[in-house]
Amino acid sequence: MIKVIVSNTINQPHDKVFSYISNFENNPKWQGGMVEARFTSDGPIGVGSTYEQVATFLGKEILTTFKVVEYEENHKIKIESIKSTFPITVTRVVEPHDGATKVTAIVEGDASSTFKIAQPFMKLMVKQSVKSDYKKLKKQLETT
């Protein structure tokens, strides 16, 4: 089991940051390895919403269907994979912080079936990937 927690501060209002990161169709714009993401349920987004994504990691294509299992407008969104080659749960928390916005990502997953050989290195790789993604997100949102 892998659990990674990464936080970053973004100099934008928290509602703008939340709106952007809770729209999963934006994921390919700021997440490395993300090929595409699209909602499979009608809006507005909330508990029960679903989306599919295609990503690549360590040279493998990962197809995942996610379901929103927790949702607090402008504060928190938690998704769980309901169909995937890499079971994962992602929580994104957005909070006002000293005139900016603190974003925290909690990524939990089980790589034992897909990446069994690389499992000892998975936590480090996932953490580096998430840190890189959130640096890219910060740069992207602060320049728009």
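Nothing here was measured: the structure is a model prediction, and the numbers come from that model.

Q: An account of the packing of aromatic side chains is requested, with residue identities and associated values reported.
A: Here the structure, examined in full by the defined rule, presents 6 aromatic pairs. Aromatic side chains W30 and Y134 sit 5.0 Å apart centroid to centroid with 80 degrees between the ring planes, which places their arrangement in the edge-to-face category. Remark: Y134 occurs in helix 3 (residues 119-142) and W30 occurs in helix 2 (residues 27-30); sequence separation between them is 104 residues. Each member of the pair W30 and Y134 is classed as buried. In this structure an aromatic cluster arises from ring pairing among F24, F39, Y51 and F66.

Q: Explain the sheet that holds strand 1 (residues 2-10) to me, using residue names and the numbers behind them.
A: Pairing within the open sheet is antiparallel, and its 7 strands lie in the order 1-7-6-5-4-3-2. With one partner strand each, in any of the chains shown, strand 1 and strand 2 (34-39) form the two edges of the open sheet. Sheet twist, expressed as the average angle between the axes of neighbouring strands with direction ignored, equals 20 degrees. Pairing analysis gives 5 bridges linking strand 2 to strand 3 (residues 50-57), with the strands arranged antiparallel. By the bridge assignment, R38 is partnered in strand 3 with E52. Together, strand 1, strand 2, strand 4 (60-72), strand 5 (76-84), strand 6 (88-97) and strand 7 (100-109) form the strand contacts of helix 1 (residues 14-22), whose direction differs from that of strand 6 by roughly 165 degrees.

What counts and what doesn't
Residues numbered from 1 in each chain as written. Predicted model: local features only at pLDDT ≥ 70, side-chain atom pairs only at ≥ 80, totals over all residues. Heavy atoms only, no water. Phe/Tyr/Trp six-rings, centres within 6.5 Å; stacked < 30°, edge-to-face > 60°. Helix = DSSP H or I, 4+ residues; strand = E, 2+ residues; numbered from the N terminus. Buried < 20%, exposed > 50% of the residue type's maximum accessible area, 1.4 Å probe, protein only. Pairing = 2+ DSSP bridges. Axes fitted to C-alpha atoms, helices over the stretch in contact; angles between N-to-C directions. Contact = heavy atoms within 4.5 Å.

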